[in-house]
Amino acid sequence: MINYIDIANQTARFLLQIKAVKLNPEHPFTWASGRKSPIYCDNRLTLSYPEIRTFIRQQYVDILTDQFGTVDLIAGVATGGIAQGALIAQELGKPFVYVRSEAKKHGMTNQIEGETHRGQSVVVIEDLVSTGKSSLLAVNALRDANCDVKGMVAIFTYGLQVAAQNFDEAKVPLFTLTDYNTLLAVAKEEAYITEDNMQSLNEWRLNPEKWSDDHMN
């Protein structure tokens, strides 16, 4: 039987250990959207550490199998989910495709790279979920290709309410190896952050837009 709490705690430790996740509410990061955030996450760093890469791949496989059983196809979301998805597909002996955020403007104008077939059951692999909008574009593309999307598995979610709403409306079950609350608990336990930092980090998750506006200057 899978111990989801142990998986979440160990994944959080690894992400903090290699600085795939950085927490700094006093000196916020600027996201691509221009918003300020006390957290920055780059799970692609896990690929550079064989022990951690293997651990994460196996947790993906275990959770996927536990929640969805046997599926026909593994699909990675470009770009962060491509390498993870390929590793998972290899481990399971399943076909693999990856999905762009939009169709290419040249060549075959594909949005899905690889071969799909009508009625195939598929689990989508993502590395990080923020609002969920870009992740769900991949789900929509697969559904448009007449695939049966069973759900999504990701390494980490910020746990934003808007993401929960988006996945609920799209009827896509989402499972993650770890999450924001677990990360903060582990970070506090291992002295990556102080008690004073916790309030600011919790305020950001509850209202990222207001937190960003308050820290723009």
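Above: the structure in question.
About the criteria used
- Residues numbered from 1 in each chain as written.
- Predicted model: local features only at pLDDT ≥ 70, side-chain atom pairs only at ≥ 80, totals over all residues.
- Heavy atoms only, no water.
- Salt bridge = Lys/Arg side-chain N within 4 Å of Asp/Glu carboxyl O.
- Helix = DSSP H or I, 4+ residues; strand = E, 2+ residues; numbered from the N terminus.
- Buried < 20%, exposed > 50% of the residue type's maximum accessible area, 1.4 Å probe, protein only.
- Expected span 1.5 Å × (residues − 1).
- 1 Å grid on protein atoms, 1.4 Å probe; cavity = no way out; pocket = protein on both sides within 12 Å on 5 of 7 lines; lining within 4 Å.
- Points joined across faces, edges and corners; volume = space filled by probe spheres on them.
- Nonpolar A, V, L, I, M, F, W, Y, C, P; charged D, E, K, R; others polar.
- Pairing = 2+ DSSP bridges.
- Right-handed = clockwise from strand over helix to strand, strands pointing away.
- Core = buried A, V, L, I, M, F, W, Y, C linked by side-chain atoms within 4.5 Å.
- Contact = heavy atoms within 4.5 Å.
- Lys, Arg positive; Asp, Glu negative; His and termini not counted.
- Polar contact = N/O pair within 3.5 Å; in protein donor to acceptor, adjacent residues only side chain to side chain.

Let us look at the pattern of salt bridges. On inspection of all chains with the given rule, the structure shows 8 salt bridges. The salt bridge partner of R57 is E91, with a shortest N-O separation of 3.7 Å. Pair noted here: R57 is in helix 2 (residues 50–68) and E91 is in helix 3 (residues 80–92), with a separation of 34 residues, a long-range link. Taking the relative accessible area as the measure of exposure, E91 reaches 39% and is therefore partly exposed.

Here helix 4 (residues 133–144) spans 16 Å end to end across 12 residues, near enough to the 16 Å set by a 1.5 Å rise per residue. All buried positions along helix 4 are accounted for by S135, L136, A138, V139, A141 and L142. Residue N146 follows helix 4 closely and has a positive phi angle near 70°.

A volume near 850 Å³ is recorded for the largest pocket. If you trace the largest pocket, you find 30 residues lining it, with W31, L128, S130, S134 and Y158 closest to the centre. Tallied by class, residues from the lining of the largest pocket come to 12 nonpolar, 10 polar and 8 charged.

A few words on the side chain of Q84. Mapped onto the secondary structure, Q84 falls in helix 3. The buried category is assigned to Q84, whose relative accessible area is 2%.

Here we take up the pairing of strand 5 (residues 73–77). When you tally the buried positions in strand 5, you get 5 out of 5 residues, the bulk of the element. Of the two faces of strand 5, the one carrying L73, A75 and V77 and the one carrying I74 and G76 are both buried. Pairing between strand 5 and strand 8 (residues 121–129): 4 bridges, direction parallel. Looking at strand 8, one finds that L73 is bridged to V122. Bridging between strand 5 and strand 6 (residues 96–99) involves 4 bridges; their strand directions are parallel. By the bridge assignment, V77 is partnered in strand 6 with V99. Following the backbone out of strand 5, through helix 3 and into the adjacent parallel strand 6, one traces a crossover that is right-handed.

Turning our eyes to something else, we now look at the nonpolar core. Ranked by internal contacts, the top residues of the largest apolar core, which has 41 residues, are L23, I39, L64 and V153. Top contributing element to this core by residue count: helix 2, with 8 residues. If near-sequence neighbours (up to four positions away) are discounted, I39 is found in contact with V21, K22, L23, F29, W31, F156, Y158, Y180, L183 and W204. Judged by nonpolar contacts, the second largest core, of 22 residues, contains V77, A141, L142 and A170.

The next subject is the side chain of E126. Along the chain, E126 turns up in strand 8. No salt bridge is formed by the buried E126; the nearest opposite charge belongs to R44, separated by 9.2 Å. Separated by 2.8 Å, the side chains of E126 and S135 make a polar contact. With near-sequence residues (within four places) excluded, E126 lies in contact with Y60, V77, G81, S135, M152, V153, A154 and I155.

Everything listed here is a matter of coordinates, which is why it stays silent on function.
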